[in-house]
Amino acid sequence: MRASPPAPFSLEAAVRFGSHPDDPQLLYAYLSLCDEIGAWQVYLRAHRIMLAIIVDPKVPRHWRWLCLDHAYRPLSGLYRLARSEEERETLRQCNHELSLSSHLGLAADPAHSRNQP
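Residues numbered from 1 in each chain as written. Predicted model: local features only at pLDDT ≥ 70, side-chain atom pairs only at ≥ 80, totals over all residues. Heavy atoms only, no water.

Chemist: Any chance you could explain the pattern of salt bridges here in plain terms?
Modeler: Pairing of side chains with opposite charge becomes possible as their charged atoms draw close. By the definition in use, this model includes eight salt bridges. In this structure, Asp-56 and Arg-16 form a salt bridge, with 3.0 Å as the shortest nitrogen-oxygen distance. Of the two residues, Asp-56 sits in the loop between α3 (40-55) and α4 (61-69) while Arg-16 sits in helix α1 (residues 11-17), which places them 40 residues apart along the sequence. Across the pair, Arg-16 and Asp-56 agree in class, each one buried. For the salt bridge of Glu-85 with Arg-92, the shortest nitrogen-to-oxygen distance reads 2.7 Å. In this structure Glu-85 comes out as partly exposed when scored by relative accessible area, which is 48%. Residues participating in the shared-partner salt-bridge network are Glu-85, Arg-88, Glu-89 and Arg-92. (Salt bridge = Lys/Arg side-chain N within 4 Å of Asp/Glu carboxyl O. Helix = DSSP H or I, 4+ residues; strand = E, 2+ residues; numbered from the N terminus. Buried < 20%, exposed > 50% of the residue type's maximum accessible area, 1.4 Å probe, protein only.)

See the structure below:
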């Protein structure tokens, strides 16, 4: 029997800690909710959460890969909303952080191949 998805207020925590790593719909629902709200701070928070997941060795590896594959979504929202030079600079920093996190997180994992269990 499949576990029930978490209540809406705990969706972010379920995504962050990969508490249902075999249910990618949780991640999709979280990112869709971010898109519905469509606010700068919401996208920025989602971006930070995705980075935290990618580098957290306690989170199941396949969940970390899934989050890396979808890390562009909060950035895409930020791109759409960036108006000021300060916001564009924040966006550049976010891109840089993602680049570093992907290398330091999953690539640093001794079993970094996606095909490994």
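Chemist: Honestly, the nonpolar core in this entry has me stumped. Any pointers?
Modeler: Side chains of a nonpolar character, in soluble globular proteins, are inclined to be buried together. Counting 30 residues, the largest nonpolar core has Val-15, Leu-27, Tyr-30, Ile-53, Trp-63, Leu-78 and Leu-98 as its most contacted members. Elements represented by at least two residues in this core include exactly α1, α2 (24-37), α3, α4, α5 (72-81) and α6 (85-104). Tallying contributions element by element places α3 first for this core, with nine residues. Among residues more than four places away in sequence, those in contact with Leu-98 are His-47, Leu-51, Ile-54, Leu-68, Ala-71 and Leu-75. (Core = buried A, V, L, I, M, F, W, Y, C linked by side-chain atoms within 4.5 Å. Contact = heavy atoms within 4.5 Å.)

Chemist: Would you explain the side chain of Ser-102 in this entry?
Modeler: Among the structural elements, Ser-102 can be located in helix α6. A polar contact of 2.9 Å, which involves the side chain of Ser-102, links it to the backbone oxygen of Ser-99. (Polar contact = N/O pair within 3.5 Å; in protein donor to acceptor, adjacent residues only side chain to side chain.)

Chemist: Got a minute to help me understand the packing of α5 against α6 in this structure?
Modeler: For any two helices packed against each other, the geometry comes down to the angle between their axes and how far apart the axes lie. At their nearest, the axes of α5 and α6 sit 10 Å apart, and the two run at 165° to each other. Taken together, α5 and α6 sit at an angle that is classed as roughly antiparallel. Of the two possible hands of crossing, α5 and α6 adopt the one that is left-handed. For the pair α5 and α6, the contacting residues are Leu-75, Leu-78, Tyr-79 and Leu-81 in the first and Glu-87, Leu-91, Cys-94, Asn-95 and Leu-98 in the second. (Axes fitted to C-alpha atoms, helices over the stretch in contact; angles between N-to-C directions. Parallel < 35°, antiparallel > 145°, perpendicular 65-115°, else oblique. Left-handed = near helix turned anticlockwise from the far one by under 90°.)

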